[in-house]
Amino acid sequence: MKLYFKTVVFILLLIGSAFWINIHFSGVAVSEAMSAQIADSAAAAAGDLAPAFQKAFLSGKELDGIKALHAFSQKTGSVFAGLAATDGTVLAHTNVALTGTRLADPLMLKGLRTGAPHFRRLFHNGEEIVETVIPLPRQKGSSGEELLFQGPDAPGENAGFLRAGLPLTPARKAEKDITFKLLILAVLIAAAATALSTFFASVILRQVYLLKEGIRKVREGNYDFSVPVISRDELGEVAVSFNKLSRGLSETTVSKEYLDSVLESMPDPLLITDEAGNILKGNRAAAEFSGYDFLPPGSRNLRELLEPQTEGAAEPFALLSWGGHIKELDLWFKARDGKRLPVMLSAAFIGGAGGRQVVSVLKDTAQHKESEARMAQYLKEVETVNSELDAFAHTVSHDLKEPLRGIEMFSAMLLSDFGAKLDPQAGDYLSRVVKASGRMRRLIDDLLSYARVARVRNPYEYASTARLAEEAVAGLSVLIEERKAVVKVSGDLPEIFCDPVKIRQFFQNLVSNAVKYNDKPAPEIEISAERFGEYYWKFLVRDNGIGVPSQYFEEIFRMFKRLHSRQEYGGGTGAGLAIAKKIVEEHSGRIWVESEEGKGSVFYALIPADLSKKP
Amino acid sequence: MKPALLSAFLLFPAAPAYPAAPENTAAVLSLDSGAYLEAFSAFQAAYGGEVVRYDLSRQKPVIDEKVKLLVTFGGKAAGYSYPAGINIIYCLAPGLSVKPAAREAREVRIALTPAFPATLAKIRRIQPGLKHLRILWSAPGYAPYEQAAMEEGARQGVQVTPFRLEGPDSLPGALRGALGEADALWLPPDPLIVTKENLRILREFSWDNNIPFYGSTKSMTREGALASFGISFAEIGKAAARAAAALDRGEAVPGTVYPERTELTLNAAAAKKLGIEFPGPVLDEAGYLFP
């Protein structure tokens, strides 16, 4: 029941009680007054008939008494009347059956005891009457002796009592009139009191209604709502406290509207379900994606809309219950139009124990899958092209080497056998031909090496990178000794699943570069490795060489890219780092450099720890 | 009352006249008005001729020698001394005792009530559970009927107890004696008992102690009797006319003549006080129902 109605009912009960008490006790008072008046009238009538009663008492004849009583009844309309002696014995009665009996009821006894008139109300033969006991004084004699001894005004004894039942009919009408007027008055007062009470109840409860409205607003997420304070009483203080509370909430809490707007603006479908999978809410993206409006809440079950993409796979909600969350699980989603859409489901529990819900995010992977397929096709085409290119480069290089070898050999023979006979100018030209031929051979060799990295597929195996690094360093021992370089290979280099020939070449190219491009009297090179995440090893080749300007950090890994003239730092072709990069990438890795000019460089290579487990 | 009177007067002219000798007939009325005159008018109409009448309240009647039949109306008229040798018909003379052997001429009393068997039967229709009926009487004229009443009561399965009052003052004691003994009281039209005071005593006794009392005239019903079984004044006059005609013809006439039609009156207030409900046929038969 509403507070207003409770208050009004309480007030009405109070008014009703007061109303009833007023009417009841007023009625009782009126009734008593009317009874007293009737009894007084009867006493007056008895006084008028005193001689007749006196005669009956003196004669002792019943009929004299009855005649007097009939006269009394005629005068007062009594329903019965009787004359009783001073001991209560009935001398005469309108109901002659009672003559000779003794009246001993409380009213009679009271009258006998006090000698004064008394009355009461009772029902006689189904009719309410006023029963009265009226003392009848003994008439004094008028003899001189009596006057002499008693005096005219001396109180006398009672000759007996008149017992009468007087009808209430005349009084009833007066009673009803008075009671009716009191009732009308009470009704008017009650109506006025009710109207005023209702008005004041509504005024008092106005603040409560405003608070109720405020609570409703806050419940809907409108934390910034303030309740108007219209009273200065306790309810007003509650309203002030409420406003402080709502302000605090608005400052500290993300509103529901805000959260809703976030959810609605999400591009990916988002669904909130109960633990059984019944969908309670879905955002706009979910509705557009699936075609369902998800209304009313609970009308759809997400478990029925999801299917595993592989036969026999675990049910998503079972995985969720087991693991507490799901991340990027590939599934089919049954849309409203019957289509099966590929999705990637991520889900987690939200809410506390007992009232947990599941928030699920679906990622439409149809486009992703398409891109993936397209990418795979591109890769395949690229691989084909690269393979053809590698083959072409190898063929061309190999084929170029034969005439070049002839040019170089015969130029050298011509220079050695006929050098003295040649004009000095011719000798110089020939000498340049020999040098150019040699440089061209080295270029072709490097090109072949580069092409071989892709073309030659050595078997992968678990190999110790420490051993491979040592072998590479050993292969460069002449250069190292010549340059008085110091190469340190860390003992904790790992064992990885790789092409050992190429990894050895990787180390050799980096160490070779580090020794060559170093202007220090004693170059220092250090090969080490460290764990990078769960799946990778990060190899480091650190030197104290000339360094690389930062703008060339990417460029130096391009084929035949040189930062110096051919005469400087050993006249390399600029293929070493390109080959190293190709080897690292073939191992699904990545290579980069960090360097500071004049202080040295660190080449990093990120290589998977175990390619045999590559998905 | 008024409709009954009106119908009686309207019917008289059409009533059959008996062969009569009005010149030899005279009437004496206790009072030349009220019930006496009503009964006389009915008598004269039924008798068939104008009859000389005397108002006893005004003068002593001087009966002509040629008068052979005298019809009296009222107790005083009945108690007056008339010359021997004249046949007399007494009407409206309650408690009168007719002694055929006391005079040379014939004396006939027109009963004021139905015969007792009929009265008892009617009381039993109103009060089917009646076991004990007490009859209160005082006038010597009712003495001869005591035995017959008890015998009729035995015949109808009701113990009938006639109780003679010494005088009007003995009614209260007689009523107290009936407490626990009688289921109902019946009061014949006995002038020695029926006083206004006594009727009131009877009513209050009856209503307060739940013992119905039955009367024999409409006025008794009005004063509080549950019911009264009487005869209308017009019927009495007509019965007197029939008896007079028979005497004129020299036919035998019983000492007491009971009129054919009786009059039933009921008191609804008394019935309510006593908790009695009148049966439908009784209500249909009632000539008057006092509220």
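Residues numbered from 1 in each chain as written. Chains lettered and ligands numbered in written order. Predicted model: local features only at pLDDT ≥ 70, side-chain atom pairs only at ≥ 80, totals over all residues. Heavy atoms only, no water.

Visitor: Please clarify how the overall build of chain B should be interpreted in this entry.
Guide: Across its full length, chain B carries 11 helices and 13 strands. Taking as baseline every contact in chain B between residues at least 6 positions apart, the subset at least 24 positions apart corresponds to 68%. Carbon and sulfur atoms provide 55% of the accessible area of chain B, an area that totals close to 13,100 Å². (Helix = DSSP H or I, 4+ residues; strand = E, 2+ residues; numbered from the N terminus. Contact = heavy atoms within 4.5 Å. Areas by Shrake-Rupley, 256 points an atom, 1.4 Å probe, with all protein chains shown as cover.)

Visitor: Explanation requested: the sheet that holds strand β4 (residues 127-137) of chain A in the structure shown.
Guide: All names here are of chain A. Ordered by their spatial adjacency, 5 strands build an open sheet running β2-β1-β5-β4-β3, and the pairing between neighbours is antiparallel. A single partner strand is all that each edge strand has here, and the edge strands are β2 (90-93) and β3 (118-124). With direction set aside, neighbouring strand axes in the sheet form an average angle of 20 degrees. Sheet analysis places β4 next to strand β5 (residues 158-167), joined by 9 bridges and oriented antiparallel. When the sheet's bridge partners are listed, Val130 is paired in β5 with Leu166. (Pairing = 2+ DSSP bridges. Axes fitted to C-alpha atoms, helices over the stretch in contact; angles between N-to-C directions.)

Visitor: Whenever I open this one, the packing of helix α2 (residues 50-59) of chain A against helix α3 (residues 62-76) of chain A confuses me. Can you help?
Guide: The relative placement of two packed helices comes down to the angle between their axes together with the axis-to-axis distance. All names here are of chain A. Direction vectors running N to C along α2 and α3 enclose 160 degrees, while the axes themselves pass 8 Å from each other. Put simply, α2 runs roughly antiparallel to α3. Between α2 and α3 lies a crossing of left-handed hand. Here α2 contributes Ala52, Phe53, Lys55, Ala56 and Ser59 to the contact with α3, which in turn contributes Asp64, Gly65, Ala68, Leu69 and Phe72. (Parallel < 35°, antiparallel > 145°, perpendicular 65-115°, else oblique. Left-handed = near helix turned anticlockwise from the far one by under 90°.)

Visitor: Looking at this structure, how should I read the sheet that holds strand β11 (residues 357-364) of chain A?
Guide: One key point about sheets: their strands pair by backbone hydrogen bonds, in either a parallel or an antiparallel sense. Residues and elements named next belong to chain A. Reading across the sheet, the 6 strands line up as β7-β6-β11-β10-β9-β8 and stay open at both edges, with antiparallel pairing between neighbours. Both outer strands of the open sheet, β7 (279-282) and β8 (306-308), are each paired with one neighbouring strand and no more. Across the sheet, the mean angle from the axis of one strand to that of its neighbour is 40 degrees, orientation sign disregarded. Inspection of the sheet shows strand β6 (residues 270-274) paired to β11 by 5 bridges, in the antiparallel sense. By the bridge assignment, Thr273 is partnered in β11 with Val358. Contacts from helix α11 (residues 316-323) reach β6, β8, β9 (325-334), β10 (340-350) and β11 within the one sheet, and its direction differs from that of β9 by about 170 degrees.

Visitor: How do you make sense of the pairing of β9(A) when you look at a structure like this?
Guide: Side-chain direction in a regular strand flips from residue to residue, so the side chains alternate between the two faces of the sheet. Residue and element names in this part refer to chain A. In this structure, β8 lies alongside β9, joined through 3 bridges in antiparallel fashion. Note that in β9 the partner of Pro308 across the bridge is Leu331. Bridge analysis of β9 against β10 gives 8 bridges, and the strand direction is antiparallel. By the bridge assignment for β10, Trp332 is matched with Pro342.

Visitor: Help me out: how do you make sense of helix α9 (residues 233-248) of chain B in this one?
Guide: Residue and element names in this part refer to chain B. The first and last C-alpha atoms of α9 sit 22 Å apart over 16 residues, in line with the 22 Å expected at 1.5 Å per residue. In terms of burial, α9 is largely enclosed, as 13 of its 16 residues are buried. The first or second residue beyond α9 is Gly250, which carries a positive phi of 80 degrees. (Expected span 1.5 Å × (residues − 1). Buried < 20%, exposed > 50% of the residue type's maximum accessible area, 1.4 Å probe, protein only.)

Visitor: Would you mind going over the domain arrangement of chain A with me for this structure?
Guide: The assigned domain composition of chain A is domain 1 (261-364), domain 2 (370-442) and domain 3 (460-613). Taken over C-alpha atoms, the centre of domain 1 of chain A sits 62 Å from the centre of domain 2 of chain A. (Domains from an automatic or database assignment.)

Visitor: What exactly am I supposed to notice about the pattern of salt bridges here?
Guide: Note on pairing: side chains with opposite charge can pair once their charged atoms come close. Residue and element names in this part refer to chain A. Scanning all chains against the criterion turns up 37 salt bridges over all chains. Salt-bridge contacts for Glu471 lead to Arg467; the nearest nitrogen and oxygen are separated by 2.8 Å. One end of the pair, Glu471, and the other, Arg467, are both in helix α14 (residues 465-475), 4 residues apart, so they sit about a helical turn from each other. Residue classification places Glu471 among the partly exposed residues on the basis of a relative accessible area of 30%. Linking Lys502 and Glu586 is a salt bridge whose minimum nitrogen-to-oxygen distance equals 2.8 Å. A residue pair is termed long-range when its members are at least 10 positions apart, and Lys502 in helix α16 (residues 500-516) and Glu586 in helix α17 (residues 576-586) qualify at 84 residues. One salt-bridge network, in which partners are shared between bridges, spans Asp105, Arg120, Glu131 and Arg163. (Salt bridge = Lys/Arg side-chain N within 4 Å of Asp/Glu carboxyl O.)

Visitor: How should the side chain of Arg200(B) be read in this particular structure?
Guide: Tracing the backbone shows Arg200(B) in helix α7 (residues 196-209). Overall, Arg200(B) belongs to the buried group, its relative accessible area being 16%. Of note is the side chain of Arg200(B), whose polar atom sits 3.4 Å from the backbone oxygen of His70(A). Those residues in contact with Arg200(B), other than ones at most four positions away along the chain, are His70(A), Ser73(A) and Gln74(A). (Polar contact = N/O pair within 3.5 Å; in protein donor to acceptor, adjacent residues only side chain to side chain.)

Visitor: Explain the interface of chain B and chain A here, please?
Guide: Buried accessible area, meaning the area lost when the parts come together, often serves as the stated size of an interface. Between chain B and chain A, the contact holds 15 residues from the first and 15 residues from the second. For the pair chain B and chain A, the two sides together bury roughly 1,300 Å², of which 51% comes from carbon and sulfur. Of all residues in chain B, Arg176(B), Arg200(B) and Asp208(B) give up the largest surface area on contact with chain A, accounting jointly for 40% of the area buried on that side. Summed over the shared surface of chain B and chain A, the result is 1 salt bridge. Residue Arg176(B) is joined to Glu62(A) by a salt bridge in which the shortest nitrogen-to-oxygen separation is 2.6 Å. In this structure, the connection of chain B to chain A is made through 8 residue pairs in polar contact (both at pLDDT 80 or more). For the side of chain B that touches chain A, the elements supplying multiple residues, two or more each, are α6 (171-178) and α7 of chain B. The element best represented in the side of chain B that touches chain A is α7(B), accounting for 8 residues. Here the residues of the side of chain B that touches chain A sort into 7 nonpolar, 1 polar and 7 charged. (Buried area = accessible area lost by both parts, 1.4 Å probe. Nonpolar A, V, L, I, M, F, W, Y, C, P; charged D, E, K, R; others polar.)

Visitor: Would you take a moment to explain the environment of Ile126(B) for this structure?
Guide: All names here are of chain B. Its location among the elements puts Ile126 in helix α4 (residues 116-126). Separated by 155 residues in sequence, Ile126 and Pro281 have C-alpha atoms that sit 9.9 Å apart. Apart from residues no more than four positions distant in its own chain, Ile126 is found in contact with Tyr214, Leu226, Ala227, Phe229, Leu266, Ile276, Phe278, Pro279 and Val282.

Visitor: Is there a simple way to explain the packing of aromatic side chains in this structure?
Guide: A ring pair, where both rings are aromatic, is described by two values, the distance of the centres and the angle of the planes. Applying the stated rule across the entire model yields 18 aromatic pairs over all chains. Ring centres of Phe507(A) and Phe539(A) lie 6.1 Å apart, and the angle between their planes is 75 degrees; on these two criteria the pair is classed as edge-to-face. Taken as a pair, Phe507(A) in helix α16 and Phe539(A) in strand β16 (residues 536-543) lie far apart in primary sequence, 32 residues in all. Side by side, Phe507(A) and Phe539(A) carry an identical accessibility label, which is buried. Three or more aromatic residues joined by ring pairs form one cluster here, namely Phe40(B), Phe43(B), Tyr47(B) and Phe73(B). The positively charged end of Arg356(A) is found above the aromatic ring belonging to Phe349(A), 3.8 Å away from the centroid. (Phe/Tyr/Trp six-rings, centres within 6.5 Å; stacked < 30°, edge-to-face > 60°. Lys NZ or Arg CZ within 6 Å of the ring centre and 35° of its normal.)

Visitor: So what exactly am I meant to see when it comes to the packing of α16(A) against α17(A) here?
Guide: All names here are of chain A. One way to put it is that α16 packs onto α17 with a least axis distance of 9 Å and a crossing angle of 145 degrees. Relative to α17, the crossing made by α16 is left-handed. Contacts between α16 and α17 involve Lys502, Ile503, Gln505, Phe506, Asn509, Leu510 and Asn513 from the first element and Gly576, Leu577, Ile579, Ala580, Ile583, Val584 and Glu586 from the second. In terms of residue class, the contact of α16 with α17 is built from 8 nonpolar, 4 polar and 2 charged.

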